[in-house]
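Descriptive analysis of the structure
These are the residues of each chain, in order.
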Amino acid sequence: MKKRVFSGIQPSGILTLGNYLGAIKRFVEMQDEYEAFYCVVDYHAITVPQAPETLRSQIAHTAAFMLGAGLDPEKMTLFVQSDVPAHTQLGWIMECTASFGELSRMTQFKEKSEGKESVSGGLFTYPALMAADILLYDADGVPVGDDQKQHVELCRDLAERFNSRFGKVFKVPEPIIGETGARIMSLQDPHKKMSKSDPNPAGYISLGDSKDEIVKKVKRAVTDSGREVAYDPEGKPALANLITIFSHCAGKTIDEIVAAYDGKGYAEFKRDLAEAVVEAITPVQEKHDALIADGSFVQILIDGARRAHEVSSRVLKRAKEAMGLSVLLDPEAVRL
Ligand code: AQP
């Protein structure tokens, strides 16, 4: 039997090159080897305010970009989180399993709430919902970028705690982190990861960007002082990030890129980098555009939600029974 993987992407903006290199490309590679469940996690996106029309369109674009990148409905299950009721139900159970202290330690909450006057309760508890998302599919592994590792560790802790209290209900999953491309950084600040919700669009390359926009963003990308194209993540983090992006997009090693620009300046390097990015994402954009035009992604999401519901409702039932919840699940058991 194939091992299972689960992973999700928030429709909190148009996907970035970071989402593509750090997550989606690997989702595609894994769909042959694993039984894969991939989810557009729209409940996670509403932890910050979203306008309804924008959210609807971001859900569509997220699904179409994932399919455009090569996810195949014959091989994997793609669905939208809010179409499958078990997610919020087990989400609540996981909130009650997690402690306030461990949720307070999540670095993403600290980063996203910093400097904000008001943050939603959901932003604080969302790692518990994420744990539920994963556990509902008895996932063996969770392919994520390095930024999500802490959340997968929390999911493991919650699964183990629940299992020790109520018996073995959940499979305890492992994070699957790619060696490279695990964290693509902002083009404007190499200490911040590239994020689709960055208020400064110059910081990210969106999968929706035109060729001209990509060329401009790469040209404007910060570099470190000096002239030499050298890979030094500590001393020259901005340049190292650009070399990493180049290496992924062109399918070459870091050493090959560095050797190719020996004695050449940043301008030539950036011109070729922009070209490599455009080449890497153009086929994804073309397939995305065709899926949006013919609307065929909608049926894929409907079929995916049915399949996800089948699997997740069985796991939810196990959890509720183990905890002593519900009358409907077993009416005889509650006759005292
Ligand atoms: N910069 C990145 N480099 C590598 N991987 C990344 N991922 C995100 N950014 C990078 C990976 O993409 C997957 C989906 O992430 P998500 O959309 O669920 O949430 P996120 O990690 O919070 O991504 P963003 O783009 O930064 O979204 P916003 O701006 O809404 O917070 C995950 O596997 C993640 O690791």
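Residues numbered from 1 in each chain as written. Predicted model: local features only at pLDDT ≥ 70, side-chain atom pairs only at ≥ 80, totals over all residues. Heavy atoms only, no water.

This structure, assessed with the given rule, holds zero disulfides. With no disulfide partner, Cys-96 has as its closest neighbouring cysteine sulfur the one in Cys-155, 16 Å distant. Accessibility expressed as a relative area gives 47% for Cys-96, which makes it partly exposed. Not part of a disulfide, Cys-155 finds its nearest cysteine sulfur in Cys-39, a span of 14 Å. By relative accessible area, which is 0% here, Cys-155 ends up buried. (Disulfide = S-S within 2.5 Å. Buried < 20%, exposed > 50% of the residue type's maximum accessible area, 1.4 Å probe, protein only.)

Take the side chain of Ser-186 next. Summarising the element assignment, Ser-186 is placed in the loop between strand 5 (174-176) and helix 9 (211-220). Polar contacts involving the side chain of Ser-186 include one to the main-chain amide nitrogen of Gln-188, which spans 3.0 Å. Ser-186 has contacts with Lys-192, Lys-193, Met-194, Asp-198, Gly-203 and Asn-241, leaving out every residue within four places of it along the chain. (Helix = DSSP H or I, 4+ residues; strand = E, 2+ residues; numbered from the N terminus. Polar contact = N/O pair within 3.5 Å; in protein donor to acceptor, adjacent residues only side chain to side chain. Contact = heavy atoms within 4.5 Å.)

Okay, the packing of helix 3 (residues 52-68) against helix 12 (residues 266-294) next. Where helix 3 contacts helix 12, the axes come no closer than 8 Å and their chain directions differ by 125°. When the interaxial angle is binned, helix 3 and helix 12 end up oblique. Our pair here, helix 3 against helix 12, has a crossing hand that is right-handed. Taking contact as the criterion, the partners of Ala-60, His-61, Ala-64, Phe-65, Leu-67 and Gly-68 in helix 3 are, on helix 12, Pro-283, Val-284, Gln-285, Lys-287, His-288, Leu-291 and Ile-292. Residue composition of the contact of helix 3 with helix 12, grouped by class: eight nonpolar, four polar and one charged. (Axes fitted to C-alpha atoms, helices over the stretch in contact; angles between N-to-C directions. Parallel < 35°, antiparallel > 145°, perpendicular 65-115°, else oblique. Left-handed = near helix turned anticlockwise from the far one by under 90°. Nonpolar A, V, L, I, M, F, W, Y, C, P; charged D, E, K, R; others polar.)

As a further point, take the domain arrangement of the protein. In terms of domains, the protein is made up of domain 1 (4-182 + 295-333) and domain 2 (201-292). Using C-alpha coordinates to define each centre, domain 1 is positioned 30 Å away from domain 2. With 19 residues of domain 1 in contact, the opposing surface of domain 2 contributes 19 residues. Both faces combined, the contact of domain 1 with domain 2 buries some 1600 Å², and carbon together with sulfur accounts for 73% of it. Counting across the interface, domain 1 meets domain 2 through zero salt bridges. Taken together, the connections running from domain 1 to domain 2 amount to five residue pairs in polar contact (both at pLDDT 80 or more). When its residues are assigned to classes, the side of domain 1 that touches domain 2 shows eleven nonpolar, seven polar and one charged. (Domains from an automatic or database assignment. Buried area = accessible area lost by both parts, 1.4 Å probe. Salt bridge = Lys/Arg side-chain N within 4 Å of Asp/Glu carboxyl O.)

This part covers the pairing of strand 2 (residues 35-40). The buried fraction of strand 2 amounts to five of the six residues, a majority that puts the element mostly inside the structure. Here strand 1 (residues 4-9) pairs with strand 2 via six bridges, running parallel. The partner of Arg-4 across the bridge, within strand 2, is Glu-35. Crossover connection from strand 1 via helix 1 (residues 17-33) to parallel strand 2: handedness right-handed. Pairing of strand 2 with strand 3 (residues 76-80), which is carried by five bridges, proceeds in the parallel orientation. Opposite Cys-39, over in strand 3, you have Phe-79 as the bridge partner. (Pairing = 2+ DSSP bridges. Right-handed = clockwise from strand over helix to strand, strands pointing away.)

Turning to the environment of Asp-32, a few remarks are in order. Along the chain, Asp-32 turns up in helix 1. Given a relative accessible area of 45%, Asp-32 falls into the partly exposed group. With residues near it in sequence (within four places) discarded, Asp-32 still touches Lys-2 and Lys-75.

Attention now moves to the site of the ligand. Around the ligand there are 23 residues in total, and Ser-12, Lys-112, Ser-195, Lys-196 and Ser-197 lie nearest to it. The side chain of Lys-193 places a nitrogen or oxygen atom 2.8 Å from an oxygen atom of the ligand. Separating an oxygen atom of the ligand from a side-chain N or O atom of Lys-196 is a distance of 2.4 Å. When the ligand sits alone it has 640 Å² of accessible area, and the protein chains cover 97% of it. Elements represented by at least two residues in the shell around the ligand include exactly strand 1, helix 1 and helix 6 (107-113). (Near = heavy atom within 4 Å. Areas by Shrake-Rupley, 256 points an atom, 1.4 Å probe, with all protein chains shown as cover.)

What follows covers unusual backbone geometry. The phi torsion at Asp-138 lies on the positive side, around 50°, for a residue other than glycine. With respect to the element layout, Asp-138 can be found in the loop between helix 7 (121-135) and strand 4 (141-143). Positive phi, close to 80°, is recorded for Ser-326, a residue that is not glycine. Mapping Ser-326 onto the fold places it in the segment after helix 13 (297-323). We classify Ser-326 as partly exposed; its relative accessible area is 33%.

Okay, the pattern of salt bridges next. Summed over the entire model, instances satisfying the criterion amount to 18 salt bridges. For the salt bridge of Arg-307 with Glu-35, the shortest nitrogen-to-oxygen distance reads 2.8 Å. A residue pair is termed long-range when its members are at least 10 positions apart, and Arg-307 in helix 13 and Glu-35 in strand 2 qualify at 272 residues. With relative accessibility at 28%, the residue Arg-307 sits in the partly exposed group. Residue Arg-183 pairs with Asp-146 through a salt bridge whose shortest N-O separation is 3.1 Å. Taken together, the residues Arg-183 in the loop between strand 5 and helix 9 and Asp-146 in the loop between strand 4 and helix 8 (149-166) connect sequence positions 37 residues apart. Residue class for Arg-183 comes out partly exposed when judged on its relative accessible area of 37%. Counted as one network, the salt bridges with shared partners bring together Arg-4, Glu-35, Arg-307 and Glu-310.

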